[in-house]
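# Structural characterization, general
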Amino acid sequence: MRYSLIMTAGLLSAYPAVVFAEDEAGATTGDQIVVTGTRADGYIVPETAALGIPLSAKELPASVTILSDDLLEDLGARNLGLVLPYVAGVANGDNGGVNRDIFVIRGFQNDNRYINGIRSSITAEGRPALDTIERVEIVKGPSGVEGSLTAPGGFVNIITKKPQYTLGAEVFGSIGDANFYRGGIDITGPIAGDIIAARLIAAYEDKQQWRLGRQNRPIITIAPSVNLRLGSETNVLVEYEYRDQNDPLDRGTIFARGIRSDSEFLPREFSFHQRFDELKLKNHRLDADLTHRFNDVLSVRVHYQSIWQNDEQVAVRNAASEGSDGVIQGPDGLTFSGNRFMPTFFGDSGSELRSEILVAEARLDFSTASIEHSINIGGSTAKNDDRFTSRNGDFRYLDGTAVIDIFAPNDRLTIADFSPVTLVFSDFVRGDRIDSVYGQWLARWSDRLRTVASIRYDDIRFFSREDITGIAAGTLAQAVADGTIDPDNLFSESASDDSLSWRLGASYDLTGALTAFVGAARTGEPQSGFTRTGTAIGLKRAQSYEAGVKYQIAGGNALATLTLYRIKQSNIAISDPANGPTDSFLVPLGAARINGIEFELTGKVTSNLSLFSGISLQDTRIVESDQAIVGNDFANTPKFQASLFANWNAAPLGLSALDVGVGVLYQGEREANSGNEYQLPGYARVDLGISYAFPQGFEARVQVNNLFDKSYYTAAQDSIFGADQVAVGDKRLVQLTVTKRF
């Protein structure tokens with residue numbers, strides 16, 4: 001479909017059950033321990049180990065959707081939040097106004113980030129670098145054993161690009177409206193014969209900014225990696241990624257009944273943010289992976305991942321516009337009060353986030369009689385520490401207020417216009433440690449029947465506390481006088497919990513093209529938090545079931561999947577609506593269940609036409625709560641959604657270098673809060689991409705997202721009752737990208 005010498009693919013692995021080296025036919029090889037997988041053909045990635053076991057996509061006893069590198073390129077992905085709603089059962093979630101990609105999968109929001117199968121404990125801010133992504137796996141349904149402690153609807157796993165032993169390179173540059181610029185390089189190849197290979201990815205971007213109070217800020221990515229073969233049986237892979245971005249908060253727009261004659265939302269361009277707003281993020285990721293094969297039966301793997309992030313924030317916030325305590329909405333928190341003047345407050349803050357995980361695993365491959373077995377046994381230890389502090393680490397915060405006319409917002413205020421004063425607060429510190437052991441057994445009973453059984457035990461310890469360590473005597477005296485710190489009554493709580501998770505699954509080939517599968521799981525998800533009164537919030541517990549069929553068409557080049565599922569989760573808590581900028585308290589919500597059906601069709605249906613499509617129907621209910629919300633639907637979850645992306649190669653017209661891609665995405669109406677008091681309208685978005693491959697490895701691509709420039713809303717912050725911030729979808733944006741591949 002396109003010319004490229006860089007044949008990159010990802011590590012076919014999912015934490016904690018890790019797949020060892022395979023060649024394209026799926027057999028373990030001695031000279032190719034780094035798994036390079038199979039390059040997508042018409043968006044199909046035939047082999048996947050998304051559940052930690054080596055099975056084809058058709059054989060896998062679960063619903064897994066893979067966005068290959070070809071598909072991400074053809075969709076014109078600027079961020080994952082733009083393209084993942086094309087996946088059946090996936091919608092945008094509430095990101096709290098921070099520019100990070102959060103998704104609702106089968107009704108349940110998952111805030112965790114997975115990279116190369118490893119779950120990061122921290123909720124890292126900022127969006128991941130698309131330049132380093134080889135593919136994205138959406139593991140849906142009962143996958144808690146393989147995906148660690150995670151939301152029951154599923155999780156998103158990012159597979160990064162790896163060094164290759166074949167020399168290849170590309171240089172790219174993009175321009176677009178809203179002052180968009182982007183450029184970068186990707187070069188890989190051997191640096192010591194077939195022993196050492198390296199890769200360097202570097203990119204610079206000025207993000208498209210079009211809403212009030214948003215100015216272009218640079219985003220820099222640098223990602224070197226090295227792969228070392230120590231003989232035919234041992235491999236070491238080291239990856240580092242640095243991401244420097246200044247992407248300020250975006251608290252969206254405002255809902256209020258009667259606020260406009262033609263809409264209950266302020267215009268999509270509206271923002272109370274100011275041009276001086278900043279959110280400076282410095283993200284680091286280090287991955288080190290060691291694999292060794294002793295013989296045809298026993299292999300081992302050790303993996304270490306560390307993620308750390310520092311941020312400095314200067315931002316205008318909107319507490320005075322929220323229905324729970326604002327002035328824009330009236331006493332019901334929903335109806336326009338008639339007051340067009342909105343108090344806003346300015347503040348600064350910072351944070352330091354750290355996450356480390358060490359995984360060790362052994363895999364056994366053997367046969368008994370006619371039965372083939374693969375057994376993974378392993379353990380992990382993960383540690384997370386988050387500190388929410390002042391921007392300069394001195395416990396001193398600037399705080400001020402100003403008034404904005406919501407019908408004529410001014411985004412050119414200065415910090416001085418907020419008349420800031422200096423206040424002193426303690427740091428808020430939270431963290432957890434999770435120690436785990438697990439086992440997984442894949443049995444091939446015949447050419448047609450496969451079963452998977454997994455079990456996992458997690459020991460969880462977590463804490464939250466106020467900390468004034470290092471505060472100067474004069475600063476502390478000021479805080480005591482102001483009443484912002486009481487040294488004798490600092491909040492400090494710790495708790496522990498444990499979780500036993502399991503999964504059972506089976507797939508059976510009814511014919512050569514048709515496979516049936518079933519799965520069931522019991523999983524846990526840590527909330528690692530406390531109520532404002534110090535009561536520990538335990539794990540969410542979930543029971544999940546799914547069953548379906550998979551059917552290969554077009555000679556195996558396309559795969560259709562039909563899945564039915566049911567999930568129930570209990571002990572759900574959400575962020576306390578009364579939280580301040582540095583608070584992380586929780587409030588109980590209750591229990592919920594979802595029933596759903598999905599259909600997906602992906603692949604090359606003809607020699608010139610590739611499809612990626614899906615339909616999802618979901619019925620959600622809150623079934624237990626101490627709030628008056630029992631029987632209500634989930635927030636941010638459409639009852640119906642559908643998508644179709646078609647890419648056509650113009651070879652029948654004698655233009656084999658020309659590709660045309662058209663995508664249609666529909667998300668139905670969604671409840672905006674758990675109280676079901678207001679709704680986000682359904683929307684349809686059309687995306688268009690046209691690419692042409694020139695000789696000598698040049699390619700030009702024009703991408704238009706939201707072709708018909710529709711206004712739409714991606715998610716709302718759920719405060720149970722009352723209106724809260726509403727995230728706005730992008731207007732029509734155009735980009736031109738030119739790539740040279742060597």
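None of these values were measured; they are calculated from a predicted model. (Residues numbered from 1 in each chain as written. Predicted model: local features only at pLDDT ≥ 70, side-chain atom pairs only at ≥ 80, totals over all residues. Heavy atoms only, no water.)

## Section: the pattern of salt bridges
Just so we agree on the cut-off: Within this document, salt bridges are pairs made up of a side-chain nitrogen of Lys or Arg and a carboxyl oxygen of Asp or Glu, the two lying within 4 Å of each other. Only runs of H or I of at least four residues qualify as helices and only runs of E of at least two qualify as strands under DSSP, and these elements are numbered from the N terminus. Summary of the burial criterion: residues with accessible area below 20% of their type's maximum are buried, those above 50% are exposed, and those between are partly exposed, where the area comes from a 1.4 Å probe applied to protein chains only.
Taken as a whole, this structure holds 51 salt bridges when the rule is applied. R214 is the salt-bridge partner of D247, the closest N and O atoms lying 3.4 Å from each other. Here D247 is found in the loop between β15 (234–246) and β16 (278–293), whereas its partner R214 is found in the loop between β13 (196–206) and β14 (218–229), with 33 residues between them in sequence. When its relative accessible area of 11% is taken as the criterion, R214 is described as buried. When the shortest N-O distance is used, the salt bridge between D365 and R363 registers 2.8 Å. Several salt bridges share partner residues, and in doing so they unite K58, E59, R444, R450 and D509 into one network.

## Digging into the sheet that holds strand β4 (residues 90–92)
Quick reminder of the rule: Two strands make a pair as long as DSSP finds a minimum of two bridges between them. Interaxial angle, 0 to 180 degrees, is taken between N-to-C directions of lines fitted to C-alpha atoms, where a helix line uses only the stretch in contact.
With respect to topology, 3 strands assemble into an open sheet ordered β4-β5-β6, the strand pairing being antiparallel. Edge positions in the sheet fall to β4 and β6 (108–110), since each of these pairs with one other strand and no more. Adjacent strand axes in the sheet meet at a mean angle of 35°, parallel and antiparallel pairs treated alike. As judged from the 3 bridges shared by β4 and strand β5 (residues 103–105), these two strands associate in the antiparallel manner. Looking at the pairing, V90 lines up with I105 of β5.

## Comments concerning the nonpolar core
For the record, the criterion: As used here, the term nonpolar core means buried Ala, Val, Leu, Ile, Met, Phe, Trp, Tyr and Cys residues forming a set that is joined through side-chain atoms within 4.5 Å. Throughout, a contact is declared for two residues whenever any of their heavy atoms are within 4.5 Å.
Formed by 24 residues in total, the largest nonpolar core has its most connected members in L67, L84, V136, I138 and F612. Of all the elements in the fold, those that place two or more residues in this core are α1 (69–74), α2 (80–83), β5, β9 (133–140) and β10 (154–160). Contact partners of I138, with chain neighbours within four places excluded, come to S63, V64, T65, L67, L84, V87, V90, I105, F155 and V156. Core analysis: the next-biggest nonpolar cluster, separate from the first, contains 18 residues, L266, F270, V314 and V316 among them.

## A short note on the packing of aromatic side chains
Quick reminder of the rule: Note on ring pairs: Phe, Tyr and Trp rings are taken, using the six-membered ring of Trp, and paired if centres are within 6.5 Å. Classes follow the plane angle, with under 30 degrees stacked, over 60 edge-to-face and the rest tilted. As a reminder, the over-ring test applies to NZ of lysine and CZ of arginine, requiring each to be within 6 Å of the ring centre and within 35 degrees of the ring normal.
Enumeration over the complete set of coordinates arrives at 15 aromatic pairs. A ring pair is formed by F276 and F418, whose centres lie 6.0 Å apart and whose planes are at 90°; its orientation type is edge-to-face. Residue F276 is found in the loop between β15 and β16, and its partner F418 is found in the loop between β20 (396–405) and β21 (421–424); the two are separated by 142 residues along the sequence. Neither residue differs from the other here; F276 and F418 are each classed as buried. Taken together, a centroid distance of 6.0 Å and an interplanar angle of 45° make the contact between F640 and Y666 tilted. Taken together, the positions of F640 in strand β32 (residues 640–650) and Y666 in strand β33 (residues 655–667) put the pair 26 residues apart, joining distant regions of the chain. Its relative accessible area of 34% is what places F640 among the partly exposed residues. Ring-pair connections join several aromatic residues into one group, and the members of that group are F255, F265, Y678 and Y713. Positioned over the ring face of Y165 is R229, at 3.7 Å from the centre of the ring. Between K550 and the ring centre of F517, over which it is positioned, the NZ or CZ distance is 5.0 Å.

## Notes on the side chain of D427
Threshold: A 3.5 Å cut-off defines polar contacts: any pair of N or O atoms within that distance qualifies, except that in protein one atom must be a possible hydrogen donor and the other a possible acceptor, and neighbouring residues in sequence count only when both atoms are side-chain atoms.
Relative to the helices and strands, D427 is located in strand β22 (residues 427–444). Classification of D427 by relative accessible area gives buried; the value is 4%. Looking at D427, its side chain comes within polar contact range of the side chain of R387, at 2.9 Å. Side chain to side chain, D427 and T389 meet in a polar contact 2.8 Å long. Contact partners of D427, with chain neighbours within four places excluded, come to R387, F388, T389, S390, F395, Y397, R465, E466 and D467.

## A closer look at the pairing of strand β29 (residues 558–575)
Two elements, strand β28 (residues 540–553) and β29, share 13 bridges in a ladder whose sense is antiparallel. The residue of β29 that forms the bridge with K550 is T561. Taking the residues between adjacent antiparallel strands as the criterion, β28 and β29 are bridged by 4 residues, where A554 takes a positive phi near 55°.

## Focus on the environment of A516
Within the fold, A516 resides in strand β25 (residues 514–525). Its relative accessible area of 23% is what places A516 among the partly exposed residues. When the C-alpha positions of A516 and L562 are compared, they lie 9.6 Å apart, and in sequence the two are 46 residues distant. Ignoring sequence-local partners within four residues, the contact set of A516 consists of A506, S507, Y508, L510, G548 and V549.

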